[in-house]
Amino acid sequence: MKNKLLIIGASGHGKVVADIALNTNRWQSISFLDDNENLKFSLGLAVIGKSNEAIRHINDFDIFVGIGNNAIRKKIQESLEVEGATIPTLIHPNAILGGQVEVASGTAVMAGVVINCSTKIGKGCIINTGATLDHDNIIEDFVHISPGVHLAGTVNVGQGSWLGIGSIVSNNINVASNSIVGAGAVVVKDITETGTYVGVPARRV
């Protein structure tokens, strides 16, 4: 780990990521990269360049991708991995993690999250504010679990999926990769086909 952190993306999600980093007190300095040339500071932290300049900083900074879009976050993080960048995990001090919980690089765990025992979170995920994940969940790479989502035990969420705010997934459910679960939806049976699912119970639209 280096003593400086560089966050790619200085808007909404990037600011929350920076706030987590500030709360952990792990880095002596934190800066942003962002493609908005008019943006010089975000959350009081300097924007020092554009996102495509990340590679020139890999020897001096830990680098974290603070972009909400799953596909874009995946593309950037994987390109950084190829170049040998150090990509940390960011976990808010107010999150609660049970025993044998694994959280991979590039994942952000927000304030108020509860992750129960034996759950595995892949790389580049967003586990957003106040979400709860019960025991033995498997969250694959580059998934976004939105604020207030509740997953029961033994849920498997496939790569690149997005679970909308306040959605609920019952126990022993599999969610296919690259699926979207709408806000407030309740998933009570396996999602086997990629698509968008809304309603109570959740149905494909």
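Residues numbered from 1 in each chain as written. Predicted model: local features only at pLDDT ≥ 70, side-chain atom pairs only at ≥ 80, totals over all residues. Heavy atoms only, no water.

The protein chain is annotated in an unreviewed UniProt entry as Acetyltransferase of Alteribacter keqinensis.

Participant: Just to check I follow, could you spell out the overall build of the protein chain for this structure?
Facilitator: A tally of helices and strands in the protein chain yields 2 helices and 24 strands. Here the C-alpha radius of gyration of the protein chain, 17 Å, is about what a compact globule of 205 residues would show, namely 17 Å. Projected onto the principal axes, the alpha-carbon positions of the protein chain cover approximately 45 × 35 × 30 Å. Counting all 205 residues of the protein chain, 45% fall into the buried class. Taking the contacts inside the protein chain whose residues are at least 6 apart along the sequence as the reference set, 27% of them involve residues at least 24 apart. (Helix = DSSP H or I, 4+ residues; strand = E, 2+ residues; numbered from the N terminus. Rg over C-alpha atoms; globule rule 2.2 N^0.38 Å. Buried < 20%, exposed > 50% of the residue type's maximum accessible area, 1.4 Å probe, protein only. Contact = heavy atoms within 4.5 Å.)

Participant: Any chance you could explain helix 2 (residues 70-82) here in plain terms?
Facilitator: Each α-helix turn comprises 3.6 residues. Residues three or four places apart therefore point the same way. Over its 13 residues, helix 2 extends 18 Å from the first C-alpha to the last, a length consistent with the 18 Å expected when each residue adds 1.5 Å. Listing the buried residues of helix 2 in full gives Asn70, Arg73, Ile76, Gln77 and Leu80. Axial view of helix 2: buried residues confined to an arc of 140°, hence all on one face. Opposite its buried face, helix 2 presents the exposed residues Ala71, Lys75 and Val82, each directed more than 90 degrees away. The inward-facing, buried residues of helix 2 abut strand 1 (4-8), strand 5 (62-65), strand 12 (126-127), strand 15 (144-145) and strand 18 (162-163). N-capping of helix 2 is provided by Asn69, with a side-chain oxygen placed 3.0 Å from the backbone N of Ala71. (Expected span 1.5 Å × (residues − 1). Arc of directions from axis to C-beta. Polar contact = N/O pair within 3.5 Å; in protein donor to acceptor, adjacent residues only side chain to side chain.)

Participant: Is there a simple way to think about the pattern of salt bridges in this case?
Facilitator: It is possible for side chains bearing opposite charge to pair when their charged atoms get close. Taken as a whole and judged by the stated rule, the model has 4 salt bridges. Between Lys74 and Glu78 there is a salt bridge, with its nearest N and O atoms 3.2 Å apart. Here Lys74 and its partner Glu78 are both found in helix 2, 4 residues apart, which amounts to about one turn of the helix. A relative accessible area of 29% places Glu78 in the partly exposed class. Two residues, Glu193 and Arg204, come together in a salt bridge whose shortest N-O distance is 3.7 Å. Here the residue Glu193 occupies a position in the loop between strand 22 (186-187) and strand 23 (196-198), and Arg204 occupies one in strand 24 (residues 203-204), the gap between them amounting to 11 residues. Residue classification places Glu193 among the partly exposed residues on the basis of a relative accessible area of 46%. Since its relative accessible area comes to 44%, Arg204 is described here as partly exposed. (Salt bridge = Lys/Arg side-chain N within 4 Å of Asp/Glu carboxyl O.)

Participant: Help me understand the UniProt feature "active site" (unreviewed entry) in the protein chain, please; the structure alone is not making it clear to me.
Facilitator: When the UniProt feature table is mapped onto this chain, "active site" (unreviewed entry) is found at His135. Within the secondary structure, His135 is located in the loop between strand 13 (132-133) and strand 14 (138-139). The contact partners of His135, leaving out residues within four places of it in the chain, are Asn116, Cys117, Thr119, Gly153 and Thr154. Within polar-contact distance, the side chain of His135 engages the side chain of Asp136 at 2.8 Å. (UniProt positions renumbered as here; feature names shortened; annotations may be inferred.)

Participant: What's the story with the sheet that holds strand 16 (residues 150-151) in this structure? I'm lost.
Facilitator: Pairing between sheet strands relies on hydrogen bonds along the backbone, with the strands arranged either parallel or antiparallel. Reading across from one edge, 7-10-13-16-19-22 is the order of the 6 strands in this open sheet, with parallel pairing throughout. Each having just a single partner strand, strand 7 (96-97) and strand 22 make up the two edges of the open sheet. As judged from the 2 bridges shared by strand 19 (residues 168-169) and strand 22, these two strands associate in the parallel manner. Directly across from Val169, in strand 22, lies its bridge partner Val187. (Pairing = 2+ DSSP bridges.)

Participant: For this particular structure, what's the right way to read the environment of Asn69?
Facilitator: Within the fold, Asn69 resides in the loop between strand 5 and helix 2. Look at Asn69 and you get partly exposed, because its relative accessible area is 40%. Each C-alpha atom of the pair Asn69 and Ser105 lies 17 Å from the other, and the pair is 36 residues apart in sequence. A polar contact is formed between the side chain of Asn69 and the backbone nitrogen of Ile72, at a distance of 2.9 Å.

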